[in-house]
Amino acid sequence: MKTKTKKMIAPVVIVALISIYYIAIGIIFAYMNGVPMLAKIIALVVPALLSGVAITVLIQRIKEIKKGEDDDLSKY
C-alpha cells in the first residue's frame, strides 16, 4: 500500500464516523414524540450541514496529501 494511501485512511474513517454520528443523532431526535416539527427539521438539517462541512474538509485534506503536503501545520 502506498504511503499516501495510508495517510488518507485515518481522515476518511474519522469523517465517516463523525458523519454517521451526527446524522444518527438527528434521526433519533426527529423520531421523538412531543417535539415540535420545527425542532425536528432543525435536528435533521444541522447534522446534515455539519456532515457536509466535514466531507468538504476531508476532500481538501486528501488534495493536500496527494500534493505531498503531509504536515499541513508546517506552513504556519
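Let us look at the structure shown here. Remember, it's a predicted structure, so these values are computed and weren't measured experimentally.

### Regarding the environment of lysine 63
Next, step 1: Summarising the element assignment, lysine 63 is placed in helix 2 (residues 37-67).
Next, step 2: For lysine 63, a relative accessible area of 54% puts it in the exposed group.
Next, step 3: Expressed as a C-alpha distance, the spacing of lysine 63 and methionine 8, which sit 55 residues apart in the sequence, is 9.9 Å.

### Quick word on the nonpolar core
Next, step 1: The biggest cluster of nonpolar side chains holds six residues, and these are Met8, Val15, Ala54, Leu58, Ile62 and Ile65.
Next, step 2: At the level of elements, helix 1 (3-30) and helix 2 are the ones that each hand at least two residues to this core.
Next, step 3: The element contributing the most residues to this core is helix 2, with four residues.

### Here's the deal with helix 1
Next, step 1: An ideal rise of 1.5 Å per residue puts 40 Å on 28 residues; helix 1 measures up with 42 Å between its terminal C-alpha atoms.
Next, step 2: For helix 1, the full list of buried residues reads Met8, Val15, Ser19, Gly26 and Ala30.
Next, step 3: For helix 1, the elements touching its buried residues are helix 2.

### Focus: the pattern of salt bridges
Next, step 1: Inspection of the entire model under this criterion finds one salt bridge.
Next, step 2: With its nearest N and O atoms 3.1 Å apart, the salt bridge here joins arginine 61 to glutamate 64. Taken as a pair, arginine 61 and glutamate 64 lie in helix 2 at a separation of three residues, close to a single helical turn.
Next, step 3: We classify glutamate 64 as buried; its relative accessible area is 19%.

### Regarding the packing of helix 1 against helix 2
Next, step 1: Running from amino to carboxyl end, helix 1 crosses helix 2 at an angle of 175°, the nearest separation of the two axes being 8 Å. By the criterion of interaxial angle, the relationship of helix 1 to helix 2 is roughly antiparallel.
Next, step 2: Classifying every residue of the contact of helix 1 with helix 2 by side-chain character gives 19 nonpolar, three polar and four charged.

### Some details on the packing of aromatic side chains
Next, step 1: In total, this model carries one aromatic pair according to the counting rule given.
Next, step 2: The interplanar angle of 50° and the centroid separation of 6.1 Å between the aromatic rings of tyrosine 21 and tyrosine 22 together place this pair among those described as tilted.
Next, step 3: Its relative accessible area of 29% is what places tyrosine 22 among the partly exposed residues.

Rules used throughout
Residues numbered from 1 in each chain as written. Predicted model: local features only at pLDDT ≥ 70, side-chain atom pairs only at ≥ 80, totals over all residues. Heavy atoms only, no water. Helix = DSSP H or I, 4+ residues; strand = E, 2+ residues; numbered from the N terminus. Buried < 20%, exposed > 50% of the residue type's maximum accessible area, 1.4 Å probe, protein only. Core = buried A, V, L, I, M, F, W, Y, C linked by side-chain atoms within 4.5 Å. Expected span 1.5 Å × (residues − 1). Contact = heavy atoms within 4.5 Å. Salt bridge = Lys/Arg side-chain N within 4 Å of Asp/Glu carboxyl O. Axes fitted to C-alpha atoms, helices over the stretch in contact; angles between N-to-C directions. Parallel < 35°, antiparallel > 145°, perpendicular 65-115°, else oblique. Nonpolar A, V, L, I, M, F, W, Y, C, P; charged D, E, K, R; others polar. Phe/Tyr/Trp six-rings, centres within 6.5 Å; stacked < 30°, edge-to-face > 60°.

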